[in-house]
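# An overview of the molecular structure
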Amino acid sequence: MLYQIYPRSFLDTDGDGVGDIEGVRAGLDHLRWLGVDGVWLSPIYRSPMADFGYDVSDHCAIDPVFGDLEGFDRLLGDAHASGLRVLLDWVPNHTSDRHRWFVESRSSRDAATREWYFWRDGRDGGPPNNWRAAFGGRAWTWDGATGQWYLHLFLPEQPDLNWAHPGVVEAMHGVLRFWLDRGVDGFRADVVHLIGKDPTLPDQPRALAETDLVGVHDHPSAHPLLRGIRAVLDSYQGDRVMVGEVNLGTPVLLAPYYGAGDELHMVFNFSLLWASWDAGQWAERIVESEAALTSPDAWPVWVLSNHDTPRHRTRYGGREDRARVAATVLLTLRGTPFLYAGEELGLLDADVPEAARVDPGGRDGCRAPIPWDDGPGHGWAGVPWLPWPPEVGERDAATLRADEGSILHLYRRLLAARRRSEALHAGTWRLLDAPPGVLAYAREAGEDRRQVWANFGDEPVVCPTDGGWLVEVGSLDGERGLAWDGRLRGTGAVVLAPAG
Ligand code: TEU
């Protein structure tokens with residue numbers, strides 16, 4: 001299981017109210033106790049923070065707000081000493097407009113890095129095509145100095161790199177090598193599908209003209225680029241991995257990004273993150289994903305929350321019992337589950353007043369600071385950059401760790417069950433017949449077998465069972481170790497192990 005840390009919201013140790021690398025280091029004990037295998041750090045590189053680090057101005061320097069390279073090396077050493085792998089967030093599609101490459105590119109039409117970005121003449125007095133940006137508005141900004149438009153699928157402060165230019169490929173491979181040489185175990189690759197573009201930059205079809213490209217852009221030129229990127233990782237000892245953020249809507253569109261085992265090692269599957277609270281929809285999407293990812297190279301990835309989306313407990317109506325059922329499913333599916341820091345505490349989104357909102361994508365609520373104890377500062381050295389999430393004071397890491405029946409202990413028990421069962425961490429997945437409102441499946445690996453039964457409805461349900469099963473983990477406390485009689489509590493789930 002991999003655990004996403006949004007560093008500025010994790011733990012502040014130097015009093016500036018922004019989480020930092022030393023805070024991540026201090027949190028390693030929590031991760032080890034929980035049973036995390038590795039962490040993905042959202043960007044910590046030098047950045048003007050227009051998009052809170054996803055606008056990188058120097059890929060090989062740590063932004064001072066987080067610390068420095070020596071501090072990062074200490075974190076990496078401690079994480080490795082704890083058996084944790086560390087993935088950095090690599091942002092290949094765009095840089096900050098204050099990156100030296102772009103500063104030079106915009107300085108002159110003859111600049112050496114001019115073609116490292118997309119510069120085009122306008123059309124009919126406007127931008128070169130009808131592309132829209134992810135944070136609203138058009139995906140082009142006019143630059144008067146050189147009399148052309150430049151492309152940015154996100155903010156104007158995030159100009160898109162032109163990966164058709166060999167200089168970009170070489171420079172960005174160099175960035176990967178800089179961190180791989182330092183010993184990082186791999187990368188999460190931000191909107192990596194967008195690096196492939198048709199050089200003619202054709203208009204979006206009329207039906208899509210008002211949408212941004214993030215969820216629809218799927219150009220074949222991405223695949224040779226991904227093979228080149230994979231070759232860089234494969235040139236290093238130790239299995240260095242890359243998990244790609246590919247925002248395409250259905251799993252069948254994700255499968256090509258694994259290539260023939262020579263492109264991405266893993267690809268985020270957001271189909272459950274986008275699903276409503278409905279057992280039938282979850283079953284359909286898992287079946288669809290299993291059917292699409294049939295290649296042995298296409299190892300699935302499941303995720304319910306991240307730094308771009310309202311937290312799933314908030315999405316499920318603020319119900320902790322639903323978050324517990326969701327965790328039971330997430331941590332027993334085939335593939336690698338990703339957790340988003342704080343979901344193990346059952347955090348809700350913070351209610352951020354208009355005046356305190358800072359994110360251009362309206363995502364502040366899911367980025368609220370993580371509370372570590374019930375003291376006045378909740379473990380933080382400074383006043384956090386965003387408001388605390390609700391229930392702070394009784395919902396924090398220390399308080400939940402002291403309560404065996406808490407959702408935190410449920411995550412820990414599920415991760416331990418996953419680790420000790422080959423069926424759960426490496427076995428097959430098969431849907432089981434279940435009553436309406438119940439998602440049920442079997443996991444098998446040789447002699448090792450598990451079943452998971454999850455009741456999405458509030459009413460208790462009696463399920464068919466061939467007997468001979470024990471409750472290994474129950475989403476609601478007090479069920480562990482009991483023989484299973486087919487009864488499921490309302491909004492409750494069980495992981496079953498053979499009784500014999
Ligand atoms: O996200 C891409 C993406 O799909 C989201 O930005 C989505 O379009 C947005 O959340 C809608 O509000 C990645 C990063 O995860 C995100 O934090 C960055 O803002 C974005 O890319 C640009 O780097």
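Predicted, not measured: the structure shown is a model, and the values here were computed from it.

Analysis parameters
Residues numbered from 1 in each chain as written. Predicted model: local features only at pLDDT ≥ 70, side-chain atom pairs only at ≥ 80, totals over all residues. Heavy atoms only, no water. Helix = DSSP H or I, 4+ residues; strand = E, 2+ residues; numbered from the N terminus. Rg over C-alpha atoms; globule rule 2.2 N^0.38 Å. Buried < 20%, exposed > 50% of the residue type's maximum accessible area, 1.4 Å probe, protein only. Contact = heavy atoms within 4.5 Å. Areas by Shrake-Rupley, 256 points an atom, 1.4 Å probe, with all protein chains shown as cover. Lys, Arg positive; Asp, Glu negative; His and termini not counted. Charge placed at Lys NZ, Arg CZ, Asp CG, Glu CD. Phe/Tyr/Trp six-rings, centres within 6.5 Å; stacked < 30°, edge-to-face > 60°. Near = heavy atom within 4 Å. Polar contact = N/O pair within 3.5 Å; in protein donor to acceptor, adjacent residues only side chain to side chain. Domains from an automatic or database assignment.

It is worth spelling out the overall build of the protein at this point. Counting secondary structure elements, the protein contains 13 helices and 20 strands. The C-alpha atoms of the protein give 23 Å as radius of gyration, which agrees with the globular expectation for 500 residues (23 Å, within 12%). Projected onto the principal axes, the alpha-carbon positions of the protein cover approximately 75 × 50 × 45 Å. Split into buried and exposed, the 500 residues of the protein put 60% on the buried side. Contacts spanning at least 24 positions in sequence make up 66% of the contacts within the protein whose residues lie at least 6 apart. By element, 52% of the accessible surface of the protein is carried by carbon and sulfur atoms, the whole surface being about 18,200 Å². Charge-centre separation for the protein: the mean point of 48 positive side chains lies 1 Å from the mean point of 73 negative side chains.

One pass over the structure, following the stated rule, counts 26 aromatic pairs. Summarising the aromatic geometry, the rings of Phe270 and Trp274 are spaced 5.5 Å apart at their centres and angled 45° between planes, so their arrangement reads as tilted. Residue classification places Phe270 among the buried positions, given a relative accessible area of 5%. When its relative accessible area of 41% is taken as the criterion, Trp274 is described as partly exposed. These aromatic residues form a ring-pair network of at least three members: Trp40, Phe268, Phe270, Trp274 and Phe338.

What follows is about the site of the ligand. As a matter of local geometry, the ligand sits amid 17 residues, with Asp51, Asp190, His307, Asp308 and Arg363 nearest to it. The separation between an oxygen atom of the ligand and a polar side-chain atom of Asp51 is 2.6 Å. For the ligand, an oxygen atom lies 3.0 Å from a polar atom in the side chain of Arg363. Against a free-state accessible area of 490 Å², the protein chains account for coverage of 87% of the ligand.

Annotation of the protein at the domain level lists domain 1 (2-93 + 166-416), domain 2 (100-151) and domain 3 (427-498). For domain 2 and domain 3, the distance between their C-alpha centres works out to 55 Å.

Looking now at the environment of Trp469. Its location among the elements puts Trp469 in strand 18 (residues 469-474). What makes Trp469 buried here is its relative accessible area of 4%. Trp469 has contacts with Arg449, Arg450, Gln451, Leu482, Ala483, Trp484, Leu496, Ala497, Pro498 and Ala499, leaving out every residue within four places of it along the chain. A distance of 2.6 Å separates the side chain of Trp469 from the side chain of Asp466, its partner in a polar contact.

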